[in-house]
Amino acid sequence: MTENIREHIDKILEGYKIDTKELLAIFHYLKFIEIKKGDTFCKAGQRCGKLGILIEGLLMAKFDTNKGKLNISRFFYPPNNIIVTNFENFKNKTRTDESIIAIEDSKLFYLTIEDLEQLYLNVPSTNKIARHFAEESYITALQRIH
């Protein structure tokens, strides 16, 4: 399993000019999780304390309206939309109003906000990578709106 994880990390980070020492530091912070179809990554009413990097599978973010209707706000799928979290609640450490649910069996790496902040301090190049992923996420959100 460790070699497979390393291959996925290498693929995600290719093009960022990460040296071996930095790569090992990033690897130290990442945790691996498998989510079965129907299980949640983040649950409405709770703090979404994880930022996931989807390797395989399909997840959706959903919330209920005041009228009891289900709304799907977005889907997470590789390779185009791999960052899985509710950014507002993840960053602000607040409760989320949406659930993120696996539509099919899925595999992810994830970090807590505390791990991410330590990673930024210990591996400064991750700031650039995170900015790139945040920009891509913003563009995807704009495309969804349009």
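Computed from a predicted structure; not experimentally measured. (Residues numbered from 1 in each chain as written. Predicted model: local features only at pLDDT ≥ 70, side-chain atom pairs only at ≥ 80, totals over all residues. Heavy atoms only, no water.)

Q: Would you explain the nonpolar core in this entry?
A: As a rule of thumb, soluble globular proteins bury nonpolar side chains together. Grouped together as the largest cluster of nonpolar side chains are 30 residues, with contacts concentrated most on Phe41, Ile53, Leu54, Leu59, Phe76, Val84 and Ile100. Those elements giving two or more residues to this core turn out to be helix 2 (20-29), strand 2 (40-42), strand 3 (50-64), strand 5 (83-84), strand 6 (99-112), helix 4 (113-122) and helix 5 (125-145). (Core = buried A, V, L, I, M, F, W, Y, C linked by side-chain atoms within 4.5 Å. Buried < 20%, exposed > 50% of the residue type's maximum accessible area, 1.4 Å probe, protein only. Helix = DSSP H or I, 4+ residues; strand = E, 2+ residues; numbered from the N terminus.)

Q: I would appreciate a short explanation of the pattern of salt bridges in the present structure.
A: Any two side chains of opposite charge can pair, so long as their charged atoms come close to each other. Taken as a whole and judged by the stated rule, the model has five salt bridges. Between Glu114 and Lys93 there is a salt bridge; the shortest N-O distance is 3.9 Å. Of this pair, Glu114 sits in helix 4 while Lys93 sits in the loop between helix 3 (87-92) and strand 6; the two residues are 21 residues apart in sequence, bridging distant segments of the chain. Accessibility expressed as a relative area gives 38% for Glu114, which makes it partly exposed. On the basis of relative accessibility, which here comes to 41%, the residue Lys93 falls in the partly exposed class. (Salt bridge = Lys/Arg side-chain N within 4 Å of Asp/Glu carboxyl O.)

Q: Would you take a moment to explain a nonpolar patch on the surface for this structure?
A: Nonpolar side chains collect at one region of the surface, where Leu70, Ile72, Phe75 and Tyr77 lie side by side and expose about 360 Å² of accessible area between them. When you line up the elements, Phe75 lands in strand 4 (residues 70-76). On the accessibility criterion, Phe75 (38% relative accessible area) is partly exposed. (Patch = residues over 30% accessible without salt bridge, like charges linked within 9 Å, V, L, I, M, F, W, Y side chains within 5 Å. Areas by Shrake-Rupley, 256 points an atom, 1.4 Å probe, with all protein chains shown as cover.)

Q: Before we go on, may I ask you to explain helix 4 in this structure?
A: At 3.6 residues per turn, the α-helix brings residues three or four places apart onto the same side. Taken together, the buried positions of helix 4 are occupied by Ile113, Asp115, Leu116 and Leu119. Summarising the axial view, the buried residues of helix 4 lie within an arc of 160°, below the 170-degree limit, and thus occupy one face. (Arc of directions from axis to C-beta.)

Q: Hey, could you run me through the pairing of strand 3 in this one?
A: Regular strands place side chains that alternate from one sheet face to the opposite one. Of the strand pairs in this sheet, strand 3 and strand 6 are connected by eleven bridges, and their pairing is antiparallel. The residue of strand 6 that forms the bridge with Leu51 is Leu111. In this structure, strand 3 lies alongside strand 5, joined through two bridges in antiparallel fashion. Opposite Gly52, over in strand 5, you have Val84 as the bridge partner. Where strand 3 folds back onto strand 4 in an antiparallel hairpin, the turn is made up of five residues, including Gly68, whose phi is positive at roughly 80°. (Pairing = 2+ DSSP bridges.)

Q: Looking at this structure, how should I read a negative patch on the surface?
A: Negative charge collects at one region of the surface, where Glu34, Asp39, Glu104 and Asp105 lie side by side. On the secondary structure map, Asp39 appears in the loop between strand 1 (31-35) and strand 2. The class for Asp39 is partly exposed, based on a relative accessible area of 39%. (Lys, Arg positive; Asp, Glu negative; His and termini not counted. Charge placed at Lys NZ, Arg CZ, Asp CG, Glu CD.)

Q: For this particular structure, what's the right way to read the state of the cysteines?
A: Disulfides are covalent bonds that link the sulfur atoms of two cysteine residues. Under the counting rule described, the total for this entry stands at one disulfide. Paired through a disulfide, Cys42 and Cys48 show a sulfur-sulfur distance of 2.0 Å. One quick way to see it: the torsion about the S-S bond of Cys42 and Cys48 is about 45°, and its sign makes the bridge right-handed. There is no split in this pair, since Cys42 and Cys48 are both buried. (Disulfide = S-S within 2.5 Å.)

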